[in-house]
Amino acid sequence: MKFNKKKLMLFRYLHPRLMKLITLIIIVLAASAVLYFIQIIPDGFPVSLPEADSSIKWVDFDVPYKVLEKTMYLDIESYETEIHLKWTELLAYLGAKYGGNFKYYKQKDLDDLIKRLNEGESIDTITAEMKMYDYYKEAYTAALGGFLGEYMVQVPADSENGGDVVWETKYGLKAFSPIPDGYWYSDFDDFGAGRSYGYNRKHFGHDLMIGTGTPIIAIESGIVEAIGWNQYGGWRIGIRSFDQKRYYYYAHLRKDRPYSADLYVGKAVKAGDVIGYSGRTGYSIKENVNNIDTPHLHVGMQLIFDESKKDSPNQIWIDMYAISKLLLKNKCDVYKNEETKEFYRKFDFTEPSYFLKMENLKDSTKTNQAALFSSAAPEGSIPLPIVMYHGLTREKKYQNKFFISPKQFEKDLQYLQENHYTPVVMKDLIAYVDNGTPLPERPVLLTFDDGFFNNYLYAYPLLREYNMKAIFSVIGELTDKYSVIQDENAYYAYMTWDDIKELSESGYIEIQNHSYDIHENNGSRKGAMQKQGESLDSYRTLLEDDVGKMQKMLYETTGEMPTTFTYPYGYISKSSKEILKNMGFRATLSCSEGLNYITRDPESLYHMKRVCRSPEESSAQFFKAIAPPLEKKAEQAEQ
């Protein structure tokens, strides 16, 4: 084939211009196609996000502060009205409308949605054609699900004497700023910034610049899942929310004394509790090293949609910059104990349990812990407060949330006696359920967990002196150990089998089962909870072997077969109840806080709630909510 060299040369020189023209035409046509596509796709369809039916792999939480604040107040202000504007539903609508990009946010869009809702349209109807609404609702509920709701908090009372507090029921923001009232921090939006220590990585958290030793507050109630040293985070704490959706990570805590004195893995903490102290530890394989230049708190929130990805490379962390700013609206008051140098919250707080409900319902006080403070029991039931003690110690330095003084315990007994409360045991409750045997007019249950020797040394004599009964739930392996070594240290020792036999025969103490050797939380096993991936048959065998062994040992020692299983650390699995029932247990004790309502239904004796007795309050303050004092008129009538 012959080429015309002149034509070839001409094409050579024209080609660049021709290509530019062609490129320009392609760009114009593509832009037109995009504009046309935007016109025809459903409102709110985010092109860059996963399909609506796919599992959530990542959440870009870019909701700005002003939108969080606006929708939060709409929720709070409408709570007692006919149309409750739910926070996460409003945000999910906006997220779906903008494809998650709140740069397009307009107040008019929110106003139009509120107008339609107030006119009677349901959110389901309004969002029926929004393909990604369910995605955003699940994502935003996972991030904010525990922030708004009913709660009760102590507030100063109007009293001439001063110092008194009363409980108030509220609905609103019940998550706390991680920095207490009176302390301040500086910050900027640093989520996703680069970090080079160890390896190049992104900063999946939010840094609050504060002074060393600043008390760190639990943002939300939950269970402590991790404490200890981490190469990157230094001394750190990991807390999982009760609904299991949020994992809070607090890092770079103080050298030498990073945590509050009574913190441990498996402990349930309340929103607003002091959990530790700020510092600058981390960036070292060696423990307790300050390799961070500026003292600050790193706080992060991991969202968990799939438990198997909790500790995998596919973790989902969200930007907490706007959330941290919002939480400044709820800062906890703290005070310092000058003897121990520990900080504590000034006013107590309690909230409904997320194990019992998944949404903030208007009638939640009927089904959750808010009923703890109701004066009227459900029809046909008997209110039963259960107090959870652990140890008694005379030494001030050893007193903490689980160890109070014998003197304080005696004052508790005096309060109960003066206000006509009668301690009962499980035998009394079972007799009421089975045969209708009457219970005292004001029953209360006193329980001691773990079997510390100080229970025998201090609690037992006081119970005899005041003619009151209690339940001691003991651990078999520790009882075996101390029966051999015969150590009677009042702080750390445990009772022997001879001690248990004496207590059982006294008529004042009822001995119950707290497991033989699964009272542990070492990462592989959490108390009596079924492990992830463990078959039901294997789990049943575990309980039958361990708990069954303890049943046999207690029966051989006391001549009485225990009727109640006390869950170690309060860890409960759905399948445990039926297994324990088949083993003959008539009742179980949990660590969830609340008031019980006993009926003739045997089911009312399972998973009973208790209130942990800590030393911060007087007897009158502690019992005021769960076992209120007799009113003067009522007391005179009874006398």
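A quick note: this is a predicted structure, and the numbers were derived from the prediction, not measured.

Describing the overall build of the protein
Point 1. Scanning the protein from N- to C-terminus turns up 16 helices and 28 strands.
Point 2. Buried residues in the protein amount to 51% of all 639 residues.
Point 3. Across the protein, contacts joining residues at least 24 apart in sequence account for 68% of those joining residues at least 6 apart.
Point 4. Of the roughly 31,100 Å² of accessible surface on the protein, a fraction of 51% belongs to carbon and sulfur atoms.

Things to note about the packing of helix 12 (residues 497-506) against helix 13 (residues 536-558)
Point 1. One way to put it is that helix 12 packs onto helix 13 with a least axis distance of 9 Å and a crossing angle of 65 degrees. Here helix 12 and helix 13 pass one another in a crossing that is right-handed. Touching Trp497, Ile500, Lys501 and Ser504 of helix 12 are Met550, Met553, Leu554, Thr557 and Thr558, all from helix 13.
Point 2. In terms of residue class, the contact of helix 12 with helix 13 is built from five nonpolar, three polar and one charged.

Brief notes about the nonpolar core
Point 1. Phe61, Leu68, Phe147, Tyr250 and Ile323 are the most contacted members of the largest nonpolar core, which totals 72 residues.
Point 2. Filtering out sequence-adjacent residues up to four positions away, Phe61 remains in contact with Leu68, Tyr140, Ala143, Leu144, Ile318, Asp319 and Ile323.

Quick look at the packing of aromatic side chains
Describing an aromatic ring pair means giving the distance of the ring centres and the angle of the ring planes.
Point 1. Applying the stated criterion across every chain yields a total of 35 aromatic pairs.
Point 2. Between Trp87 and Phe147, the ring centres sit 6.5 Å apart and the planes meet at 50 degrees, which makes this aromatic pair tilted. Residue Trp87 is found in helix 3 (residues 87-98), and its partner Phe147 is found in the loop between helix 6 (133-144) and strand 1 (148-156); the two are separated by 60 residues along the sequence. With respect to burial, Trp87 and Phe147 carry one shared label: buried.
Point 3. Taken together, a centroid distance of 5.2 Å and an interplanar angle of 65 degrees make the contact between Phe448 and Phe472 edge-to-face. Residue Phe448 is located in strand 22 (residues 443-450), and its partner Phe472 is located in strand 23 (residues 470-474); the two are separated by 24 residues in the primary sequence. Phe472 carries the same exposure label as Phe448, and that label is buried.
Point 4. Following the ring pairs from residue to residue traces out a cluster consisting of Tyr398, Phe403, Phe452, Tyr482, Tyr491 and Tyr494.
Point 5. When the ring centre of Tyr460 is taken as origin, the NZ or CZ atom of Arg464, which lies over that ring, is 4.4 Å away.

Here we look at helix 4 (residues 107-118)
Point 1. Counted at 1.5 Å a residue, the expected span for helix 4 with its twelve residues is 16 Å, and the 17 Å between its end C-alpha atoms agrees.
Point 2. Residues of helix 4 that are buried include every one of Asp109, Leu110, Leu113, Ile114 and Leu117, and no others. All buried residues of helix 4 fall inside an arc of 135 degrees around its axis, so they share one side. Exposed side of helix 4, more than 90 degrees from the buried face: Lys108 and Lys115 are the residues found there.
Point 3. On its buried side, helix 4 packs onto helix 2 (65-77), helix 3 and helix 5 (123-126).
Point 4. Directly beyond the C-terminal end of helix 4, a positive phi value near 110 degrees is found at Gly120.

Looking at the pattern of salt bridges
Point 1. The final tally for this structure, using the stated rule, is 26 salt bridges.
Point 2. The partner of Asp112 in a salt bridge is Lys108, and the shortest N-O contact between them spans 2.8 Å. Placement of the pair is Asp112 and Lys108 together in helix 4, with a separation of four residues, close to one helical turn.
Point 3. Put simply, Asp412 and Arg613 hold a salt bridge, and the shortest N to O gap is 2.9 Å. You can see Asp412 sitting in helix 8 (residues 406-418) and its partner Arg613 sitting in the loop between strand 28 (611-612) and helix 15 (619-626), a full 201 residues away along the chain. You'll find Asp412 and Arg613 in the same group, each marked buried.
Point 4. Here the residues in one salt-bridge network are Glu225, Arg240, Glu307, Lys310, Asp311 and Lys526, joined through shared partners.

Observations concerning the pairing of strand 22
Point 1. Counting buried positions along strand 22 gives eight out of eight residues, so the element sits mostly inside the fold.
Point 2. Pairing analysis gives three bridges linking strand 21 (residues 422-424) to strand 22, with the strands arranged parallel. In the strand pairing of strand 22, Pro423 is matched with Val444.
Point 3. In terms of strand pairing, strand 22 meets strand 23 through four bridges, oriented parallel. Looking across to strand 23, one finds that Asp449 is bridged to Ser473.
Point 4. Between the parallel pair strand 22 and strand 23, the chain is carried across by helix 10 (residues 453-465), and the sense of this crossover is right-handed.

A closer look at unusual backbone geometry
Point 1. Not every positive phi belongs to a glycine, and Asp256 is a case in point at roughly 75 degrees.
Point 2. With respect to the helices and strands, the residue Asp256 is situated in the loop between strand 9 (246-251) and strand 10 (268-269).
Point 3. A positive phi angle is found at Tyr569, which is not glycine, with a value near 60 degrees.
Point 4. Secondary-structure assignment places Tyr569 in the loop between strand 25 (564-566) and helix 14 (576-582).

With respect to helix 10
Point 1. Along its 13 residues, helix 10 runs 19 Å from first to last C-alpha, staying within 8% of the 18 Å computed at 1.5 Å per residue.
Point 2. Taken together, the buried positions of helix 10 are occupied by Phe453, Asn454, Asn455, Tyr456, Tyr458, Ala459, Tyr460, Leu462 and Leu463.
Point 3. Residue Asn467 follows helix 10 closely and has a positive phi angle near 55 degrees.

Points about the state of the cysteines
Point 1. Taken as a whole and judged by the stated rule, the model has zero disulfides.
Point 2. Cys612 provides the cysteine sulfur closest to Cys591, a residue in no disulfide bond, and the two sulfurs are 8.1 Å apart.
Point 3. Residue Cys612 is classed as buried on the basis of its relative accessible area, which comes to 10%.

Section: the environment of Thr422
Point 1. Following the sequence through the fold, Thr422 ends up in strand 21.
Point 2. Leave out the neighbours within four places in its chain, and Thr422 touches Pro440, Arg442, Pro443 and Val444.

Criteria and thresholds
Residues numbered from 1 in each chain as written. Predicted model: local features only at pLDDT ≥ 70, side-chain atom pairs only at ≥ 80, totals over all residues. Heavy atoms only, no water. Helix = DSSP H or I, 4+ residues; strand = E, 2+ residues; numbered from the N terminus. Buried < 20%, exposed > 50% of the residue type's maximum accessible area, 1.4 Å probe, protein only. Contact = heavy atoms within 4.5 Å. Areas by Shrake-Rupley, 256 points an atom, 1.4 Å probe, with all protein chains shown as cover. Axes fitted to C-alpha atoms, helices over the stretch in contact; angles between N-to-C directions. Left-handed = near helix turned anticlockwise from the far one by under 90°. Nonpolar A, V, L, I, M, F, W, Y, C, P; charged D, E, K, R; others polar. Core = buried A, V, L, I, M, F, W, Y, C linked by side-chain atoms within 4.5 Å. Phe/Tyr/Trp six-rings, centres within 6.5 Å; stacked < 30°, edge-to-face > 60°. Lys NZ or Arg CZ within 6 Å of the ring centre and 35° of its normal. Expected span 1.5 Å × (residues − 1). Arc of directions from axis to C-beta. Salt bridge = Lys/Arg side-chain N within 4 Å of Asp/Glu carboxyl O. Pairing = 2+ DSSP bridges. Right-handed = clockwise from strand over helix to strand, strands pointing away. Disulfide = S-S within 2.5 Å.

None of this, on its own, says anything about what the molecule does.
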